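# Descriptive structure summary
What follows is each chain in one-letter form.
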Amino acid sequence: MGISRSIRTAVIGAGPRGTSVLERLLANWASAGAEGTLHIDVIDPYPAGPGHVWQPGQSRLYLMNTQSFYPTVVPEDPELAPPLAGHTFDQWRELQQGHPQPTLTDEERDEVSSLGEADFPSRALYGRYLRSTLDELLTVLPAGVSVDFHPATATSVRHAAAEPVNRAAAAPGESLVRFDVVLDDGTVLTVDSVVLAMGHLDARLNAEQRELLSAAQELGLLYVPPAAPADVDWSVVPAGKPVLVRGMGLNFFDVMGQLTEGRGGRFVAGESNAELTYLPSGREPLIIAASRRGTPYRAKATLTGYYPGEVQLRYCTEDAIAKFAESGIRPSFDFDLWPLLHRDAIWAYYSTLARSQPDAILTGPAEFLRALEEALRPHAHSTAKWENAAESVISVHVRAAHRLDLLGLAAPLARRSFGSRTELDAAVVDYLLDDARRSALGEDDPVKMAIGALHHGRAVLKTAVADSGITDESWVAGLRGWFESFVEGLASGPPALRAAQLAALARAGVVRFVGPDPKFGVDRRARTFTAASPWVGGETEETAGEGSEGAGMYRAGLDRVGVGSVSAVAGAVGGAGMQSAAVRGLGAARVRTENAVPGAVSATAMIEALAPANRVAVNSSPLLEQLLAEGMVRPRLMMTVEGTPVETTGLDVVPHPYRPLGANGSVTPGLYVLGLQLSATQWGTAIAAEARPKSGPVYRSGQRTLRDADEIARDILAH
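Residues numbered from 1 in each chain as written. Predicted model: local features only at pLDDT ≥ 70, side-chain atom pairs only at ≥ 80, totals over all residues. Heavy atoms only, no water.

Take the packing of helix α1 (residues 16–32) against helix α18 (residues 704–718) next. Running from N to C, α1 and α18 point in directions that differ by 50°, and their axes come no closer than 8 Å. It follows from the interaxial angle that α1 and α18 lie oblique. By crossing handedness, the relation of α1 to α18 is classed as right-handed. Here Arg17, Ser20, Val21, Arg24, Leu25, Asn28 and Trp29 of α1 lie close against α18, whose contacting residues are Thr705, Leu706, Ala709, Asp710, Ala713, Arg714, Ile716 and Leu717. (Axes fitted to C-alpha atoms, helices over the stretch in contact; angles between N-to-C directions. Helix = DSSP H or I, 4+ residues; strand = E, 2+ residues; numbered from the N terminus. Parallel < 35°, antiparallel > 145°, perpendicular 65-115°, else oblique. Left-handed = near helix turned anticlockwise from the far one by under 90°. Contact = heavy atoms within 4.5 Å.)

Put into structure tokens, the structure is as follows:
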């Protein structure tokens, strides 16, 4: 049906999600055979296309966490209106290798010329792809469409002061709602609809971080709060002096790269083995790394695709999930969904073990797998614990040294103590080298295939839990309470190269480690930051041993939900156990502002290797603050099992398309939300849209963001 009226819409946020909305508006406008006019205002202080995070000018040491074949900003869904222009990133990469665009810089040409489909691109190159895609779209604007870009920050969105001049002349179905969008340069845009595609936002510091910042200002220390790595001036970190780095997730490797390779150091591969050696420049600081686990995330396996081809989900499948809805059941994460994925992880591990290391099986591999398959088979009306049956089979058939320890994968240093920091450093290096070795084995490594099953399952769960697919208490205590941290530490790690590099840096003495369950503080007498682990020699009586507060709680909590040791197949499945202090965010700890703590490491600089919190109630966005203050949007509340309301990270919305609920529970027509601010109704909102894989399963969650953008575009054009 053609569109014969004038429409004006504002897209706030010009990064990948805002670009997807623009692309979908153009595609649907052209598909509808529209005869009216469509004006699109795109608002972002950062360059349109790459936006804030993907700026092409940033350091090429910042890598994407997905390979070339994965990301796209253009849909490949045959059910959607066909794109007018653009390609997946991998298609664009191949085009640039054959016929590079004249606008590519020498650095971009050098990178893309040797970049393979399974390599990890720099974020800068992905930003160039986003800008290139936007430029292509702008060259094929359909008739009647115009686009204005506003390099400014939107500070408020309110209902327009003036109503449409002629209500009687409004076309059938045409919205009479208007919005005034105010920009920080004084511009006021009056539009029919607004899309909030704001992406990553800054956040106010939590109480502990504010205390650390205040102490730094008072004592003349350097404190780097959570930030996008490309926004930080790393030159202020002094060479040759200790620097505490808190957090060993993905941002840690960005910090590591800037303070080592970014200062002229080099990694050299050994002639007799694949281990790296680091050649320092002399301008590096001494990096002292700390995290709750005491180790970084596990590295990605070397695969030809995003998911391991040898792993096929047998239990946590999209069909199995659909049966809950067909039966009118709203599943619990801990009691309904996790047991299915848990089975898949066990099967992936042992089927790979039987194939790649048959000597680990005491009986015949085929006999073992038949018995294990029967033990794992779901029985709807059985009161027996399947974990006990599986444990019995494994104890008979598998050598003890080769039995799965899911808990040990997530917390490799748990329940270990170290007599000295040197002993700890050696243990972490051993872990890193073992992890890199396993990554290199790819689909022949049982551990990486168990993680691969979790990775597959995560894609299924994203669809299962979206739009209130699980109960509130299950979302709070299960999915976000313990599983998210658990699976991210296993399946969201860096490229394997980073693990090998970190091991080389530790062997070179450039990086040292604090240990698990660290406590941070400020020694005012010495004018330093401090960090100490209760598991590393030198702790006081108060913090030492099994009874210390928080010590080992991460592992203990996992034990209680049945993902530990041989109890990886035997433990009870519950959720409350994961509500421990060790699983909560780093901000939950209190800052010690005392004098020296025995066994503590100290430094005059401290870096938070964390992204700003993705939580709408604390994001420091003038627009979001205005919308919340005036009741046009509200954070979503969920009820715990005790009946206590808990404020979640995202906005309260109704689908589809996603529209925010106001403070009074009403929906404002013409106001839409896309992306990270949907984190209370979708899980895993930070990752890019997935290009359609050449082989293997195609999960519905892969291009969810692009379908969300399409729903918004069609609704805007229909009203």
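What follows is about the sheet that holds strand β17 (residues 601–603). Overall, antiparallel pairing links the three strands, which are arranged β15-β16-β17 in an open sheet. The two strands at the open ends of the sheet, each matched to only one other strand, are β15 (519–523) and β17. Strand-to-strand, the axes of this sheet are offset by a mean angle of 25°, without reference to chain direction. The sheet contact formed by β15 and strand β16 (residues 528–532) spans five bridges and is antiparallel. Its bridge partner being in β16, Phe520 is matched across the sheet by Ala531. Packing against the sheet, helix α5 (residues 207–219) makes contact with β15 and β16, and its axis sits at approximately 25° to β15. (Pairing = 2+ DSSP bridges.)

Following the criterion strictly, the structure yields 23 aromatic pairs and no others. A ring pair is formed by Trp338 and Trp482, whose centres lie 5.3 Å apart and whose planes are at 85°; its orientation type is edge-to-face. Of this pair, Trp338 sits in helix α8 (residues 333–356) while Trp482 sits in helix α14 (residues 472–491), placing them 144 residues apart in sequence. On the basis of relative accessible area, Trp482 is assigned to the buried category, the value being 0%. Clustering of aromatic rings is evident, with ring pairs tying together Phe333, Trp338, Trp482, Phe483, Phe486 and Trp683. We note Arg246 situated over the ring of Phe520; from NZ or CZ to the ring centre the distance is 4.5 Å. (Phe/Tyr/Trp six-rings, centres within 6.5 Å; stacked < 30°, edge-to-face > 60°. Buried < 20%, exposed > 50% of the residue type's maximum accessible area, 1.4 Å probe, protein only. Lys NZ or Arg CZ within 6 Å of the ring centre and 35° of its normal.)

Glancing now at the sheet that holds strand β4 (residues 145–150). Overall, parallel pairing links the five strands, which are arranged β4-β2-β1-β8-β23 in an open sheet. Looking at the sheet topology across the chains shown, the edges are occupied by β4 and β23 (671–673). The mean inter-strand angle of the sheet, taken between neighbouring strand axes irrespective of direction, is 15°. Note that strand β1 (residues 6–12) and strand β2 (residues 37–43) share seven bridges and pair parallel. Residue pairing for β2: Val11 is matched across the bridge by Val42. Against the sheet, α1 contacts β1, β2, β4 and β8 (193–196), and its axis sits at roughly 175° relative to β2.

In this section: the pairing of strand β6 (residues 179–183). By the criterion of burial, β6 is predominantly enclosed, with four of the five residues buried. Pairing of strand β5 (residues 154–159) with β6, which is carried by five bridges, proceeds in the antiparallel orientation. Of the residues in β6, the one forming a bridge with Ser156 is Val182. Looking at chain direction, β6 and strand β7 (residues 188–191) are connected through four bridges and run antiparallel. Opposite Val181, over in β7, you have Leu189 as the bridge partner. In this antiparallel pair of consecutive strands, β6 and β7, the connection spans four residues, and Gly186 shows a positive phi of 95°.

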